[in-house]
Amino acid sequence: MQAWNRLSISSPYIGRFAPSPTGPLHFGSLVAALGSWLDARAAGGQWLVRMEDVDEPRCVPRAETAILRALEAFHLHWDGEVLVQSQRKEAYAAALDLLKREGHVFGCACSRKDIEGDRYPGTCRNGTSGRPARSWRIRVPAEPVVFHDRRLGDFEERLEETCGDVVLLRADGYFAYQLAVVVDDAAQGVTDVVRGADLLDSTARQIALHRALGNTPPRHLHMPVVVNAAGQKLSKQTKAAAIESTQAEALTYEALAFLGLNVDSANVAAMLAQATARWRVDS
């Protein structure tokens, strides 16, 4: 990441860090938080924090509080109030209603066992053949979704071929991540999404949904993902250890080094100031 150039923007920058409160922050999530924080601060913009707890059954009690305390301990202070997705169901319902009125979505009667692989084949696009709808899906565009990633370059994806029509309201009654994140990014005025490259596959889907809702999609920057010795992404599933505030200096230094930023201070605040001045990203 050392070859990046500072982002040049003409509109106010608003970035965000959006963890899911399924457990405490680990080193990989610290790197993601640092990258998005640095990009916002280097651009003179705002950095928001959002709790993506739309998948409520997976959330862990008190994880939200633990995440916020960890961010504060690492001097990653955010702007404004923390938005919590589980409190925004009315906004997601309104967006889905708009998509229904404009004919962008359809009811789907398929269960997981009805669909082979990861691509939805469009079974219910023209009706459910009398079966009750279990979920709602957006009709993905036939034309390719083209976008530019500030680190990885240009992408083109035909969603009909890669994933098919995307679920917006799940069979269990919960709104899907893809709908919630797009509605919230638009509501918060997010101009730049900086996150791990493991979420690159979601980008074209979210851009298509932004456009269906009449939004201007944000810019994107996907950072390298931290993996363990086995090459697996650090996560709760791979038993990644929680970051400890008592190790803030050492872990901040290590996370900045992972992002290609060398600093010469042992103080977290000073390290962040140096890193902000040295942050470079291709635009």
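The structure this text deals with has already been given above.
From a predicted model like this one, the values you see are computed outputs, not experimental measurements. (Residues numbered from 1 in each chain as written. Predicted model: local features only at pLDDT ≥ 70, side-chain atom pairs only at ≥ 80, totals over all residues. Heavy atoms only, no water.)

Draft legend 1. The arrangement of the pairing of strand β7 (residues 153-157) in detail. Two strands pair when backbone bridges link them, and strand β6 (residues 145-149) and β7 are joined in this way by five bridges, in the antiparallel orientation. If you follow H148 over to β7, its bridge partner there is D154. Linking two consecutive strands that pair antiparallel, namely β6 and β7, is a turn of three residues. (Pairing = 2+ DSSP bridges. Helix = DSSP H or I, 4+ residues; strand = E, 2+ residues; numbered from the N terminus.)

Draft legend 2. Spatial organisation of helix α5 (residues 177-187). Of all the eleven residues making up α5, eight are buried; the element is thus mostly covered by neighbouring parts of the structure. Those residues of α5 lying buried are Q178, L179, A180, V181, V182, V183, D184 and D185. (Buried < 20%, exposed > 50% of the residue type's maximum accessible area, 1.4 Å probe, protein only.)

Draft legend 3. Molecular detail of the nonpolar core. L30, W47, L71 and L76 are the most contacted members of the largest nonpolar core, which totals 41 residues. Of all the elements in the fold, those that place two or more residues in this core are α1 (27-42), β2 (46-51), α2 (63-73), β10 (219-223), α7 (248-258) and α8 (268-278). Per element, the largest residue contribution to this core is ten residues, and it comes from α1. Residues contacting L30, with those up to four places away along its chain left out, are F74, L76, I243, L251 and A255. In terms of nonpolar packing, the next biggest core, distinct from the first, is built from 28 residues, Y92, A180, V183 and I207 among them. (Core = buried A, V, L, I, M, F, W, Y, C linked by side-chain atoms within 4.5 Å. Contact = heavy atoms within 4.5 Å.)

Draft legend 4. Spotlight on the packing of aromatic side chains. This structure, assessed with the given rule, holds four aromatic pairs. The ring centre of Y120 lies 3.8 Å from the NZ or CZ of R137, which sits over that ring. (Phe/Tyr/Trp six-rings, centres within 6.5 Å; stacked < 30°, edge-to-face > 60°. Lys NZ or Arg CZ within 6 Å of the ring centre and 35° of its normal.)

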